[in-house]
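# Coordinates in review
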Amino acid sequence: NAGVTQTPKFQVLKTGQSMTLQCAQDMNHEYMSWYRQDPGMGLRLIHYSVGAGITDQGEVPNGYNVSRSTTEDFPLRLLSAAPSQTSVYFCASSAGGTGELFFGEGSRLTVL
Amino acid sequence: DAKTTQPNSMESNEEEPVHLPCNHSTISGTDYIHWYRQLPSQGPEYVIHGLTSNVNNRMASLAIAEDRKSSTLILHRATLRDAAVYYCILRFYSGGSNYKLTFGKGTLLTVNP
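Each value, and the rule that gives it
Residues numbered from 1 in each chain as written. Chains lettered and ligands numbered in written order. Predicted model: local features only at pLDDT ≥ 70, side-chain atom pairs only at ≥ 80, totals over all residues. Heavy atoms only, no water. Helix = DSSP H or I, 4+ residues; strand = E, 2+ residues; numbered from the N terminus. Rg over C-alpha atoms; globule rule 2.2 N^0.38 Å. Buried < 20%, exposed > 50% of the residue type's maximum accessible area, 1.4 Å probe, protein only. Areas by Shrake-Rupley, 256 points an atom, 1.4 Å probe, with all protein chains shown as cover. Lys, Arg positive; Asp, Glu negative; His and termini not counted. Charge placed at Lys NZ, Arg CZ, Asp CG, Glu CD. Polar contact = N/O pair within 3.5 Å; in protein donor to acceptor, adjacent residues only side chain to side chain. Contact = heavy atoms within 4.5 Å. Pairing = 2+ DSSP bridges. Buried area = accessible area lost by both parts, 1.4 Å probe. Salt bridge = Lys/Arg side-chain N within 4 Å of Asp/Glu carboxyl O. Core = buried A, V, L, I, M, F, W, Y, C linked by side-chain atoms within 4.5 Å.

On to the overall build of chain A, then. When helices and strands are counted, chain A shows zero helices and eleven strands. Start at the N end of chain A and walk to the C end: the helices and strands fall as β-β-β-β-β-β-β-β-β-β-β. Rg of the C-alpha trace for chain A: 13 Å, near the compact-globule value of 13 Å for 112 residues, within the 12% margin. Its C-alpha atoms give chain A principal-axis dimensions of roughly 35 × 25 × 25 Å. In chain A, buried positions account for 47% of the 112 residues. Of the roughly 5,100 Å² of accessible surface on chain A, a fraction of 50% belongs to carbon and sulfur atoms. Averaging the coordinates of the 7 positive side-chain charges in chain A and doing the same for the 9 negative ones gives two points 13 Å apart.

Take a look at the structure:
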């Protein structure tokens, strides 16, 4: 019953540091995506992928990189963290293009 | 991009039905209407989705207008555990085999005991 697993759940970074948020799903889903949620806001799409080797940008891709080397994993990389990237990050997956999205529990990132 | 409009907040009493509206006047023929909800400090969870016909599941019902420019999520008997932010979103085709799913701010549902 793992579903979508995100690690770490909490992280504090200093400005300029790099890190990777991990996302893994065990449902053999083709579609995976990353969202960020700022206080009082809805979710904004950062990047998404429709299969291994295929990624595309969402609404707010600047400052983030992604890759999809396997069906299961979709890591989100922050190359040089900025305070504006302080947010809660959610990873989501689905079996196809129009079906139900399954979300992870979120990763809370603070950049000082 | 097709967008949705929802009220910022709504209130309901426990054990009463709740009708959460959503307008999507620019919806296209290939857009699916999805509803998700987010409880405090949790990730969003799927509620229901549909294309043209009304849909029912164990959590809720989705009523879709004939012209598909609006929809309503119906919680038949609200409980305190239904207090959450409800998002109405369109899952749309953006070219090739890609699909984007964008969220607005949703409707904050308060359930009074």
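Residue and element names in this part refer to chain A. Among the secondary structure elements, Q25 is positioned in strand β3 (residues 19–25). For Q25, a relative accessible area of 3% corresponds to the buried category. Among the polar contacts made by the side chain of Q25, one reaches the main-chain amide nitrogen of N28 at a distance of 3.1 Å. There is a polar contact of 2.9 Å between the side chain of Q25 and the backbone oxygen of T71. Aside from chain neighbours lying at most four places away, what touches Q25 is G3, V4, M32, R68, T71, E72 and S93.

Residues and elements named next belong to chain B. Pairing is antiparallel across the open sheet formed by four strands, whose spatial order is β2-β7-β6-β5. Two strands in the sheet have a free side with no partner beyond their single neighbour: β2 (18–23) and β5 (55–56). With two bridges connecting them, β5 and strand β6 (residues 61–64) associate as antiparallel partners. Its bridge partner being in β6, N56 is matched across the sheet by S61.

Here the focus is the pairing of strand β11 (residues 107–111) of chain A. All names here are of chain A. Taking every second residue as pointing to the same face, the buried face of β11 carries S107, L109 and V111, while none of R108 and T110 on the other face is buried. Bridge count between strand β2 (residues 10–13) and β11: four bridges; the pairing is parallel. The residue bridging L13 from the neighbouring strand is V111, located in β11. As paired elements, strand β9 (residues 87–94) and β11 share three bridges and run antiparallel to each other. The partner of V88 across the bridge, within β11, is R108.

A word on the interface of chain B and chain A. In this assembly, 21 residues from chain B lie in contact with 24 residues from chain A. Here chain B packs against chain A, burying approximately 1,800 Å² in sum over the two surfaces, 56% of which is carbon and sulfur. The interface formed by chain B and chain A includes zero salt bridges. Across the chain B-chain A interface, the total number found is four residue pairs in polar contact (both at pLDDT 80 or more). Residue assignment for the side of chain B that touches chain A shows that the elements contributing at least two residues are β3 (32–38), β4 (45–50), β8 (84–93) and β9 (99–101) of chain B.

All names here are of chain B. Residues L20, I33, W35, L73, L75, Y86 and L109 are the most contacted members of the largest nonpolar core, which totals 20 residues. Contributing elements (two or more residues each) for this core: β2, β3, β4, β6, β7 (70–75), β8 and β10 (107–112). For this core, the leading source of residues is β8, giving four residues. Setting aside residues no more than four positions away along its own chain, Y86 makes contact with Q6, L20, W35, Y36, R37, L73, L75, G106, T107 and L109.

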